[in-house]
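# Architecture and fold: a report
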Amino acid sequence: MPPQPPALLSLLPAALKGLVLASLAGALAGSASAVFLWALDQVTGLRESHRWLVLFMPVLGFAVGWIYLRWGQPVEGGINLLIDEVYREAQQPVPLRMAPLILLSTVASHLVGASVGREGTAVQMGGALADQISQRLRLGPDERRLLLLAGISAGFASVFGTPLAGAVFALEVLALGRLRHDALLVCAVAALVGDQVTTAWGAHHTHYTLGVVAPISAWSVAAVAVAAVVFGGVARAFAQSTQALAAWMKRRVPYAPLRPALGGAVLAAVLWWVGGWRYAGLGIPVIVEAFQQPLAPWDFAAKIAFTVASLGSGFKGGEVTPLFYIGATLGNALAPWLHLPLGMVAALGFVAVFAGAANTPLACTLMAMELFGAEIGLYALLACAISFRVSGWSSIYRSQRLVAIPLGQEVPAWKLGDLPARPPGQDRPPGR
């Protein structure tokens, strides 16, 4: 006889325990994100009113690099460390210091104008705080993995105000080729609680005005497909360039604190003497403009250069908001050529470049619907799926796994950062 499903009553205690723990992780991550978003607003306003602060970029870069060298090496991996912990058999506790270190270092990066994001900070805080719960309660390995995923979901959802995308992001970012459906409920609850707690603390998220969405037609679908190919190519170039610069800096400058000091000196000089202020920090005002009016067609390329230089030289933060900027301004530049509404293509670029760079097309499709409305859903799915395919194995998260599943058997996962030219025993992974 086939195995019988467990009785409903026997599942209730474990389910209730999981929901309570997920809610607690969500509340902690949401509170941390609220503090983080408030701090970002404060330092961004301070930098804009005192632009001479960018001249201190090399000094703060050196200070942050020294602090991480002295106390932060166990958490230097960031999001990649959290992903590794989900997979690692001999698990190691995520140090609580990850949360305050990434919070303070990211705020410092934004104070002096480094082009970094915020999702990395929120996700690291969420994961680190969630793991403190698992350590205090002495949870088993499987429960700990679920709670780590819940913390990742809550951090992502709370910093962007997108609980649906946050729930799926944690599942999708782990591996290409498999979703952990057993974690879906706890991730959904954590994302929802995290978002609501952040809002309850008074934190606000940016609202974007989409405008008109073109009706479905052969031309609109073909035009979106063409744009998505460009989005995927740019996502691939961004991920590879950031990792290449980081590797080059490590080879050329062995002493870690000198890397952000040197990178900061170059960036500060460009910002001060060339006047690239619109490419500093998050760039939220420029993203909003991309939905409303034509922008300079080189804005996306300049933001890529500033962000690659910031992250590649060692400034702390995230990649996602700069990717939103890159995608939205690139879509803004493509819209007239494709004869599609400006806001629509900017919105598709906003999510599709991120989808290609992070290999998370489903989460990005949901994000598009949460931020811009359900009417863009089909276009977003098309754009994100094509961008994901075009970007190939490139990823901003080097610890992502590739799970190749040929017919009839399962091949173990490879970390994207350690992939051979071709996975053993096959020409290429199915579908990639």
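Higher on the page you've got the structure.
As the structure is a prediction and not an experimental result, all values here were calculated from the model.

## Some details on the overall build of the protein chain
Across its full length, the protein chain carries 16 helices and three strands. Computed over the C-alpha atoms, the radius of gyration of the protein chain is 21 Å, within 12% of the 22 Å expected from 2.2 N^0.38 for a compact globule of 432 residues. Across the 432 residues of the protein chain, 57% fall into the buried class. Considering only intrachain contacts with a sequence separation of at least 6, the fraction spanning at least 24 residues in the protein chain is 78%. When the accessible surface of the protein chain is summed, it comes to about 18400 Å², and 68% of that surface belongs to carbon and sulfur atoms.

## Structural notes on the environment of G194
For G194, the position within the fold is in helix 8 (residues 184–200). A relative accessible area of 0% means that G194 is categorised as buried.

## Points about the nonpolar core
Ranked by size, the top nonpolar core spans 140 residues in total, and within it F350 and F372 carry the most contacts. The greatest single-element share of this core, amounting to 14 residues, is contributed by helix 14 (residues 342–358).

## Let's talk about unusual backbone geometry
Phi is positive for R138, close to 55 degrees, though the residue is something other than glycine. Positionally, R138 belongs in the loop between helix 5 (119–137) and helix 6 (141–160). In this structure, H339 takes a positive phi of about 55 degrees despite not being glycine. Accessibility expressed as a relative area gives 63% for H339, which makes it exposed.

## Overview of the side chain of H110
Structurally, H110 can be placed in helix 4 (residues 98–111). Here G117 takes part through its backbone oxygen, which lies 3.2 Å from a polar atom of the side chain of H110. Apart from residues lying up to four places away in sequence, H110 is in contact with L40, V43, R47, V116, G117, G281 and L282.

## Re the packing of helix 5 against helix 6
For any two helices packed against each other, one specifies the inter-axial angle together with the distance between the axes. For the pair helix 5 and helix 6, interaxial distance at closest approach is 7 Å and the crossing angle is 145 degrees. The two elements helix 5 and helix 6 cross, and the hand of that crossing is right-handed. In contact with E119, A122, V123, G126, G127, A130, D131, I133 and S134 of helix 5, helix 6 contributes R144, L147, L148, G151, I152, G155, F156, V159 and F160. Looking at the contact of helix 5 with helix 6 residue by residue, the classes come out as 10 nonpolar, five polar and three charged.

## Quick look at the packing of aromatic side chains
Note on aromatic pairs: each is described by the distance of the centres and the angle between the planes. Counted according to the given criterion, the structure contains 20 aromatic pairs. A centroid spacing of 6.3 Å and a plane angle of 75 degrees characterise the contact between F169 and Y397, whose relative ring orientation is edge-to-face. Taken together, the residues span a long stretch of sequence, with F169 in helix 7 (residues 163–172) and Y397 in the loop between helix 16 (377–391) and strand 2 (401–402) at a distance of 228 residues. Look at F169 and you get buried, because its relative accessible area is 0%. Taken together, F156, F160, F169, Y208, F291, F324, F350, F354, F372 and Y397 form an aromatic cluster joined through their ring pairs. Above the plane of the ring of Y325 lies K303, whose end atom (NZ or CZ) is 4.8 Å from the centre. A cation sits over an aromatic face here: K316 above Y68, 4.4 Å from the ring centre.

Conventions used here
Numbering of residues begins from 1 in every chain and follows the order in which that chain's sequence is written. Local features in this predicted model are restricted to residues whose pLDDT is 70 or higher, and side-chain atom pairs enter the listing and the counts only when it is 80 or higher, whereas totals over whole chains, interfaces and linings include all residues. The side-chain numbers reported here are obtained from all heavy atoms of the structure, hydrogens and water having been left aside. Counting from the N terminus, the helices are the DSSP runs of H or I reaching at least four residues and the strands are the DSSP runs of E reaching at least two. With C-alpha atoms as the basis for the radius of gyration, the globule rule is written as 2.2 Å multiplied by the number of residues raised to the power 0.38. The cut-offs for exposure are 20% and 50% of the maximum accessible area for each residue type, with area from a 1.4 Å probe on protein chains only; residues under the lower value are buried, those over the upper are exposed, and the others partly exposed. When checking whether two residues touch, look at their non-hydrogen atoms; a contact exists if any pair is within 4.5 Å. Residue exposure ignores everything except the shown protein chains as possible cover, and the areas themselves are Shrake-Rupley values with a 1.4 Å probe. Among the buried residues, those of types Ala, Val, Leu, Ile, Met, Phe, Trp, Tyr and Cys that are joined through side-chain atoms within 4.5 Å form a nonpolar core. Any pair of nitrogen or oxygen atoms within 3.5 Å is treated as a polar contact; in protein, a donor-acceptor pairing is required on top of that, and neighbouring residues in sequence qualify only through side-chain atoms on both sides. Lines fitted to C-alpha atoms define the axes here, with helix axes fitted over just the stretch in contact, and angles between the N-to-C directions of these axes take values from 0 to 180 degrees. Here is the rule for handedness: rotate from the far helix to the near one, and if that takes an anticlockwise turn smaller than a right angle the crossing is left-handed, while a clockwise turn gives right-handed. Residues are grouped as follows: nonpolar covers Ala, Val, Leu, Ile, Met, Phe, Trp, Tyr, Cys and Pro; charged covers Asp, Glu, Lys and Arg; every other residue, Gly included, is treated as polar. To pair, rings of Phe, Tyr and Trp, with the six-membered ring standing in for Trp, must have centres within 6.5 Å; the planes then decide the type, stacked if under 30 degrees apart, edge-to-face if over 60, and tilted in the middle. The rule is short: NZ of Lys or CZ of Arg within 6 Å of the ring centre and within 35 degrees of the ring normal puts a charge over the ring.

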